[in-house]
Structures are given as C-alpha cells and as structure tokens.
Amino acid sequence: MELLPDFRVATPVSIAAALAAGKRHPGGRFVAGGTDLMVNLRHGIGAPTALIDLRAIPELRGIASGTGGMSIGAAVTLAELAAHPAVAAHYPAVAAAAAAVGAPAHRAAGTVGGNLCLDTRCMFYNRSAWWREANSFCLKHEGDTCHVAPTGKRCHAAFSGDLAPALLVHDAAVEIAGPDGLRRQPLADLYAEDGAAHLRLAPGEFLVRVALPPDPWPSAYAKARARGAIDFPLAGVAVALRRDGDTVAGLRVALTGTNSRPFLLEGTAALLGAAVDAAWRDRLGKLVQKQVLPMRTTLLAAQYRRRVASALAQRLAGALGGAAD
Amino acid sequence: MSAARKRVRALRLNNRPVEVLAADNTLLLDTLRETLGQTGTKRGCDGGECGACTVLIDGTPRLACLTRTQECAGHHVETIEGLAENGRMSRLQRAFHERLGAQCGYCTPGMVMAAEGLLRHTPHPDEAEIRAALGGNICRCTGYVKIIEAVQDAAGTGAEAAP
Ligand SMILES: Cc1cc2nc3c(=O)[nH]c(=O)nc-3n(C[C@H](O)[C@H](O)[C@H](O)COP(=O)(O)OP(=O)(O)OC[C@H]3O[C@@H](n4cnc5c(N)ncnc54)[C@H](O)[C@@H]3O)c2cc1C
Ligand code: SF4
Ligand code: FES
Ligand code: FES
C-alpha cells in the first residue's frame, strides 16, 4: 500500500461553500465515507491535492418521506438507509441492496452518493501501484492497453454498486449541484457505458439527493458474489413488478456488476399482459442474457456472470409475479 | 507546500480526552499505532477488506485503515485497550479466551470490537446476527465456529453456560 497523497481536507457546511471549495481546488476530489476513494488512493490511483468532505452539508442529510414519495440525502449512510422502516416497507429492493453492501463497518461509513458514484472495478485495476506498474498499467489509468480486450479502445471495468439498480427500478431521479445551480435528472442519465468515464458529472458537480416517486411497485434485489459475507456483486439484479390479477401490468428490471454502468433492461413491454410462467421467465432470461456485457474483469468467468444475472432476474420476477410453478 | 502540515486534533480515546498531532492525510490506524503507541488495533490488509483494524467510533464499528484521524476530532474512538475494567478482561474478552476464540490472535482485537459493537445495541443476538456482524472480519486460524461460540457465551445465548 502507498502512503496517502499529500492532500488537505475541506469540510464545507453549505452547497455554496462546497462548490466554492471545488473551484478553489481544481485538483481536489469529493469524498463521503471514503470506503471506495481511500482504498483507491492507497493503491496509488489519483493524487488529489484536496478532499472535499460533503457530509456536513445539511441538504445532503436525512431521509424524508411523504405523499410526494421519498427523498434521500446523498450523505445518508447505507446503514441508515437499510434500517429505515419506510424504505423497507415501500421500496424493499432499495433496503435490500443497501443491506447487501460490504460488511457492517462499510455500511456505517459508506454513503448513498459514494455508492452511486463508485469507481468501476476490474481485476487489472483494483491492485497495488507496483502490481499495476509491473503489468504496464492499463487503459483506464496511466497505461495504453486494456488487458481485458487488448485490441479495443475502451475500458470495460464493471460498475459494481448495489444501490443503483434498486433505485433505477423505482424510477429514481437525482438532484445535482454544480456551478450553474441545482438540476434534476433521471438517475439512468447519470451513467455512460465506458469503464474509464462512466459518470456524466461535470467538474465541480456533486449529488445532493435522490428522489423516489410515490406509489412504488413491489420490488426485490439479489446479487451473486464470490465471498457470501462481504463482496461486490459479480452480477446484481433489481426487479419491480406490478400485477393486475394474474398478469404482469408493469415491469422494470435493472442490472449492476455486468456492464460499465448500471442500466434498465430494455424491451420489457413485450412481457406485459401475460402471467408469469416458465415460458415467460425464459423470455425474460433471454432478454437479460442479450443485454448484459460481462467481460473478463473478475476472477469468475464472464459467461457465469451472464447466466447468473439471467437466473437472478427470473427468480426475482417469478417470486414477485406469483409464479405458480 | 505544507499541505500535510500537522494540527492538533482533540478526540476521546477509550473514555479519556486526548490531543494528538496529525496531518489531514493521516489515517486513524497510524495515529493509534504509531503516535499513541496503542498497538492493540492491528493492520491486516490495510485496505478495508479484513476487519483487523476495527475500532468503535461513537459506539459503531468502523475501519481505522480507511478513516482519517481528522474525521475523528470531537468523536469517541474505542479500541481493544479500552475494554478491560480495572485490569480485568471484559466478559467478552474472557469468553474469547475461554472458548478458544483466539489462536494466533491477530484478528482478535478486530473481532472483539466488532462483537462489542453488536452487543451494545443487540445484547442477545442470535447466530445469524452474530455472523452478519462479524462478516467483515477475516480469521485465518479458528474456522470461526469458536469465535461465534465465544460471542454467544458472552451474550448468554450459548448452548451451555461458561465453565
Ligand atoms: C471490502 C469492501 C467491500 C465492499 N463491498 C461493496 C459491495 O458489496 N457493494 C457495493 O456497492 N460497494 C461495496 N464497497 C464499496 C463502498 O464501501 C460502497 O460502495 C460505499 O457506498 C461507498 O460510499 P462512500 O461514501 O464510502 O464513498 P467514497 O469513497 O467517499 O466516494 C466514492 C466516490 O464517489 C464520489 N462521491 C462521494 N459522494 C459523492 C456525491 N455526493 N456526489 C458526487 N460524487 C460523490 C467520490 O468522489 C468518489 O469518487 C466495498 C468496499 C470495500 C472496501
Ligand atoms: S477493463 Fe481494461 S482498461 Fe479497464 S480497468 Fe480492466 S484492464 Fe484496465
Ligand atoms: S486493516 Fe483495515 S480492514 Fe484490513
Ligand atoms: S486467530 Fe489467527 S487470524 Fe484469527
């Protein structure tokens, strides 16, 4: 492990002060719980001159729920989110995903904003500085070749945050603060399919809150991981499914761990109006298999991740859809 | 150029106020072990994966290898050194000893602090709760069963009472 770079810490207590700190320190980074960023810095990835700790800003704190839905501050910890009774009651996929992150000590420090803005992961990247140097670095950082797809021109590191798919199936929006003020956009638009540039945030911009609309559909989240007690998802799947009698009236499926961004499955409209039976699940499974893009970024085979993503989607949708078989 | 200049940080350590010099980029683990000489907290993976450096911050288990000393100013940090009462091991420490929950002992301070954090808000945990609470702590020696029995013993939920 490397020593930490020579940074100073700023602790702004307002959005305006955080934006000003961002301007003052162009070589700085935002930080919250630090459970992702500190590890990368110890691996010699990046050398910020300043860390801007966002957790003391009141607008980023607290969970509010009412008739307008739910609003979750970006600095809310995963432990707070997982333990919130209204989240568990109305947005069960969100509570389950928060509870499935790392171990208790990670959830006590790790935040919603940090989880949504997690760096992408790859077995050639999440390594010590000397390991990466001995391997001539790679396209994502300091090198020019991708060891996963050497003839390609892009990084395939996988987005591996658990929370994003659960929020996506609940149609979440994010509030972003930046030099031009506050803006609100669908969470899905925060991400791009590029492992080296997966976040669509301009310099100086940061997440303030996540908004979940009211009247949520029943939902669930499940992940496959190498170490059962504590690990990033090899594939993580969230499903929200609304039934009308025996048939599916609404369906959203979102995935993490398989692509460079978390994403909503396309083409689910074709599955509406039917009952959840073996043939229906098979069609859903094929749709997942077609859209996931796992590459050899983990120790486990890409084909395993493709199949486990499909299996998890079928299992969750089967349970939510009241499959008879 | 003096970005890493040191400043005095006032915090509580094991129920006593302490003032310690630390730069913004100093880790709590280094402050505890190198500056304060409190070497009970162990450095295992040094990257958030093993739990050997688990301490309590305001009563909640946290990883000292991912925490900056600067973040702890004004907060209460508790380490394994703070558990003994009047020179006697706490009930939880005794249970680790008596139930053979420690072999080489390297993971033990982190295990004990993670378990201590659990027992403070869940005094009578079931086995699933104990396993979940210790999920981030790796032990290369015991195979975990003895550790779980030790926590059950301290909580009075074990199969048999302590000898
Ligand atoms: C051993 C281990 C296991 C883990 N397992 C999992 C797992 O199973 N699932 C999982 O999802 N994660 C896992 N993590 C990663 C991490 O603990 C969590 O994702 C956590 O939620 C990150 O939040 P944080 O506040 O600590 O982020 P930080 O480390 O503080 O920040 C992460 C990134 O987000 C940026 N950021 C933080 N807040 C904001 C904001 N408000 N706006 C814009 N950018 C922001 C930072 O600049 C940084 O780039 C694991 C980590 C470790 C060390
Ligand atoms: S996918 Fe390629 S470029 Fe991206 S981190 Fe892995 S090896 Fe590097
Ligand atoms: S040394 Fe901190 S988790 Fe391993
Ligand atoms: S007793 Fe040796 S690592 Fe746990």
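Residues numbered from 1 in each chain as written. Chains lettered and ligands numbered in written order. Predicted model: local features only at pLDDT ≥ 70, side-chain atom pairs only at ≥ 80, totals over all residues. Heavy atoms only, no water.

Student: For the sheet that holds strand E2 (residues 28–31) of chain A, give the residues involved together with the corresponding values.
Tutor: Residue and element names in this part refer to chain A. If you walk across this open sheet you meet the three strands as E1-E3-E2, and the pairing is parallel. Edge positions in the sheet fall to strand E1 (8–10) and E2, since each of these pairs with one other strand and no more. With strand direction ignored, the average angle separating the axes of adjacent strands in the sheet is 25°. The pairing of E1 with strand E3 (residues 50–53) spans three bridges and is classified as parallel. Its bridge partner being in E3, Arg-8 is matched across the sheet by Ala-50. (Pairing = 2+ DSSP bridges. Helix = DSSP H or I, 4+ residues; strand = E, 2+ residues; numbered from the N terminus. Axes fitted to C-alpha atoms, helices over the stretch in contact; angles between N-to-C directions.)

Student: Provide a residue-level description of the side chain of A:Arg55, including the pertinent values.
Tutor: Within the fold, A:Arg55 resides in the loop between E3 and strand E4 (63–66). On the accessibility criterion, A:Arg55 (17% relative accessible area) is buried. Here the side chain of A:Arg55 touches A:Ala32 through a polar contact of 3.2 Å, landing on its backbone oxygen. A polar atom in the side chain of A:Arg55 sits 2.8 Å from the side chain of B:Glu71. Discounting chain neighbours no more than four positions away, the residues touching A:Arg55 are A:Ala32, A:Gly33, A:Arg61, A:Ala75, A:Thr111, B:Arg62, B:Arg68 and B:Glu71. (Buried < 20%, exposed > 50% of the residue type's maximum accessible area, 1.4 Å probe, protein only. Polar contact = N/O pair within 3.5 Å; in protein donor to acceptor, adjacent residues only side chain to side chain. Contact = heavy atoms within 4.5 Å.)

Student: Any details on the pairing of strand E10 (residues 235–244) of chain A? Residues and values, ideally.
Tutor: Walk down a regular strand and you will see the side chains alternate between the two sheet faces. Residues and elements named next belong to chain A. In terms of residue burial, E10 counts as a mostly covered element, since seven of its 10 residues are buried. Relative to E10, strand E9 (residues 219–224) runs antiparallel, the two being bridged by six bridges. Bridge pairing in E10 places Ala-220 opposite Val-239. In the sheet, E10 pairs with strand E11 (residues 247–256) via nine bridges, with the strands oriented antiparallel. Considered in E11, the bridge of Val-237 is made with Leu-255.

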